[in-house]
Amino acid sequence: MNILLWHVHGSWTTSFVHGKHRYLIPATPDRGPYGLGRARTYTWPESAAEVSPEQLRGADVDVVILQRPEEIDLAEQWLGRRPGRDVPAVYVEHNTPKDGQVPNSRHPLADRDDLLIAHVTAFNELFWDTGTTRTTVVDHGIVAPTAVWTGELDRLAVVINEPVRRWRVTGTDLLVRFAEIAPLDVFGMKVAGLAEHLGLPADRLTSHDDVPQHRMHAELARRRAYLHLCRWTSLGLSLIEAMAMGMPVVALATTEAVMAVPPGAGALSTRVDTLLAAASRFVAEPQRAREAGAVARVAAGERYGLDRFLTDWDRLLEEEVCG
C-alpha cells in the first residue's frame, strides 16, 4: 500500500515505517510540524519517502494515517480528497486526554462514521469518550535496540521530552528526590539547563539534549536503572526500549505502565518512597538490577515486538482498505 502519514512521534513512526509498504512523509521547506519529513535522529528505511504538498495532489494514496485533528483538512487540501470519504483513513490516538474533564473527556473526533480511531494503549481507549466512532487498540511495538544493558555506572537514566513545559505530567518535579539517591542522566528534547531549573548542582543531574537514538540507547544501557516518573502520559516508548535492553525499571504505576511492567522487572508503585527505596537497592546491588532487567527484557520482547506490531497494523489496514 501507499500510506500517507505525517512525522509526528519519532519512535512510533520509526516502528510503523519498518513495515512492507511505501510511506509518504510530507516535507515542507520550513520543516515545520506539518512538514517535518524524514527523521534526523532515527534510522528509517528508504521506503519512507519525503513528498511535497504539490506532489501529493497527484499521488497514489491507498490510506491516510491521521494523528492530529487538523490533518483531516490538510490532507483534503493537499490530496484533493477527503480522508474517510474519498480515501480510507485511520486516526491514531497517541495521547491520554488532558482537557481537565477526565473521566468524561470527549474525543475531538467523537461521533463520526467516516473514521476509525486506533488507540496505542487500552488505557487510552478506556479513558477517551469517542461516542459512536469506531475504535480499536494496536499496542506499541519497537525496533529492538542493539544496545544491551551493562549497568556499570551507578547512575539513574531518564528520558523526557520538554521536561520543564510538561512538568508534573512527566514527573519532572520528582527528579530532585531521586537525585539524592544517585546522579541522574536525563535524555530527550529540550532538556538543556534542567539541573539549574531544578536547583540541582551539575554533578547530580546531567542533560543530554536530542541525542540520536542509537547513541542514546548505548548510553542508557550503561546506567544502573531506568526511571519512568510520568503521571499522565500514554506509554513512553523509551520505557519499553529500556526494558528491551535489559534495564531494570523504577516506574510510577499510572496509565498503561501497570500493564507494561510485570512483577520482577523492577519496581512499580504509586508511592514515591517505595520507588526511592527500589532505586537505592538497584544502585547498591548490581546483581539485583541485572536480575530485574532480565525479566524486563523478556516481557518487552513478548508484548512489544516489532513483528507483532506490524502484523496487527497490516491486518487493520487490510480490513479498512480492502474490507
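Residues numbered from 1 in each chain as written. Predicted model: local features only at pLDDT ≥ 70, side-chain atom pairs only at ≥ 80, totals over all residues. Heavy atoms only, no water.

Chemist: Run through the overall build of the chain, naming residues and quoting values.
Modeler: A tally of regular secondary structure across the chain gives 13 helices and 13 strands. Radius of gyration (C-alpha) of the chain: 20 Å, near the 20 Å computed for a compact globule of 323 residues. Looking at the chain as a whole, 54% of its 323 residues qualify as buried. For the chain, the proportion of contacts with a sequence separation of at least 24, taken over those separated by at least 6, is 65%. Summed over all atoms, the accessible surface of the chain reaches about 13800 Å², with 50% contributed by carbon and sulfur. Computed over 34 positive and 42 negative side-chain charges, the inter-centroid distance for the chain is 4 Å. (Helix = DSSP H or I, 4+ residues; strand = E, 2+ residues; numbered from the N terminus. Rg over C-alpha atoms; globule rule 2.2 N^0.38 Å. Buried < 20%, exposed > 50% of the residue type's maximum accessible area, 1.4 Å probe, protein only. Contact = heavy atoms within 4.5 Å. Areas by Shrake-Rupley, 256 points an atom, 1.4 Å probe, with all protein chains shown as cover. Lys, Arg positive; Asp, Glu negative; His and termini not counted. Charge placed at Lys NZ, Arg CZ, Asp CG, Glu CD.)

Chemist: I'd love a proper account of the sheet that holds strand β1 (residues 2-5), names of residues and values included.
Modeler: In space, the 7 strands of this open sheet follow the order β3-β2-β1-β4-β5-β6-β7, with parallel pairing throughout. The open sheet has two free edges, formed respectively by β3 (48-51) and β7 (134-137), since each of these has just one partner strand. Looking at each pair of strands side by side, their axes are set apart by 30° on average, direction ignored. Pairing of strand β4 (residues 63-66) with strand β5 (residues 89-93), which is carried by 3 bridges, proceeds in the parallel orientation. (Pairing = 2+ DSSP bridges. Axes fitted to C-alpha atoms, helices over the stretch in contact; angles between N-to-C directions.)

Chemist: Give me the pairing of β7: which residues, what numbers.
Modeler: Along a regular strand, successive side chains alternate from one face of the sheet to the other. With 4 bridges joining them, strand β6 (residues 116-119) and β7 adopt parallel strand pairing. From the neighbouring strand, Ala-118 faces β7, where its bridge partner is Thr-136. Tracing the backbone out of β6, into helix α4 (residues 122-127) and back to the parallel element β7 gives a crossover that is right-handed. (Right-handed = clockwise from strand over helix to strand, strands pointing away.)

Chemist: Report on the layout of surface pockets, specifying residues and quantitative values.
Modeler: The volume enclosed by the second largest pocket comes to roughly 200 Å³. Contributing to the lining of the second largest pocket are 13 residues, with Thr-43, Val-143, Gln-213, His-214 and His-217 lying nearest its centre. No other element matches helix α8 (residues 213-220), which puts 3 residues into the lining of the second largest pocket. For the lining of the second largest pocket, the per-class residue count stands at 5 nonpolar, 8 polar and no charged. (1 Å grid on protein atoms, 1.4 Å probe; cavity = no way out; pocket = protein on both sides within 12 Å on 5 of 7 lines; lining within 4 Å. Points joined across faces, edges and corners; volume = space filled by probe spheres on them. Nonpolar A, V, L, I, M, F, W, Y, C, P; charged D, E, K, R; others polar.)

Chemist: Explain α8 to me, using residue names and the numbers behind them.
Modeler: For α8, every residue scored as buried is listed here: Gln-213, Met-216, His-217 and Leu-220. Buried residues of α8, seen end-on, are gathered within an arc of 100° and therefore sit on one face of the element. On its buried face, α8 is in contact with α1 (10-16), β8 (153-159), β9 (184-188), β11 (223-228) and α9 (237-244). (Arc of directions from axis to C-beta.)

Chemist: Break down the packing of α9 against helix α12 (residues 286-303) for me, with residues and values.
Modeler: Between α9 and α12, whose axes approach to 7 Å, the crossing angle comes to 115°. Between α9 and α12, the contacting residues are Ile-240, Met-243 and Ala-244 on the first element and Gly-293, Ala-296, Arg-297, Ala-299 and Ala-300 on the second. Broken down by class, the residue content of the contact of α9 with α12 amounts to 6 nonpolar, 1 polar and 1 charged.

Chemist: Which residues make up the nonpolar core, and what are the values?
Modeler: Of all hydrophobic cores here, the largest spans 83 residues; its most connected members are Trp-12, Phe-16, Ile-65, Leu-175, Phe-178 and Trp-313. Top element by residues in this core is helix α11 (residues 272-284). It accounts for 7 residues. Not counting the four nearest positions on each side in its chain, Trp-12 is found in contact with Leu-5, Ile-65, Gln-67, Val-92, His-94, Val-120, His-140, Leu-237, Phe-309 and Trp-313. Listed in part, the 20 residues of the second largest apolar core include Leu-56, Ala-59, Ala-75 and Val-87. (Core = buried A, V, L, I, M, F, W, Y, C linked by side-chain atoms within 4.5 Å.)

Chemist: Provide a residue-level description of the sheet that holds strand β13 (residues 266-269), including the pertinent values.
Modeler: The strand order across the open sheet built from 6 strands is β10-β9-β8-β11-β12-β13, with neighbouring strands paired in parallel fashion. The sheet is open, and its two borders are formed by β10 (205-209) and β13, each paired with just one other strand. Along the sheet, successive strands turn relative to each other by an average axial angle of 20°, direction set aside. Here β8 pairs with β11 via 4 bridges, running parallel. Bridged to Val-158 within β11 is Leu-227.

Chemist: Describe the packing of aromatic side chains, listing the residues and the values that go with them.
Modeler: Two aromatic rings are characterised by how far apart their centres lie and by the angle between their planes. By the definition in use, this model includes 9 aromatic pairs. Ring geometry for Trp-12 versus Phe-16: centroids 4.9 Å apart, planes at 15°, classification stacked. With Trp-12 and Phe-16 both in helix α1, this residue pair falls 4 residues apart, about one helical turn. Classification of Phe-16 by relative accessible area gives buried; the value is 2%. Connected via pairs of aromatic rings, a cluster forms that spans Trp-12, Phe-16, Tyr-23, Phe-309 and Trp-313. (Phe/Tyr/Trp six-rings, centres within 6.5 Å; stacked < 30°, edge-to-face > 60°.)

Chemist: Describe in detail the side chain of Ser-238, supporting the description with residues and values.
Modeler: Looking at where Ser-238 falls in the secondary structure, it is placed in helix α9. Take Ser-238: its relative accessible area is 12%, and that puts it in the buried class. Those residues within four positions of Ser-238 in sequence are excluded, and the remaining contacts are Val-159 and Tyr-226.

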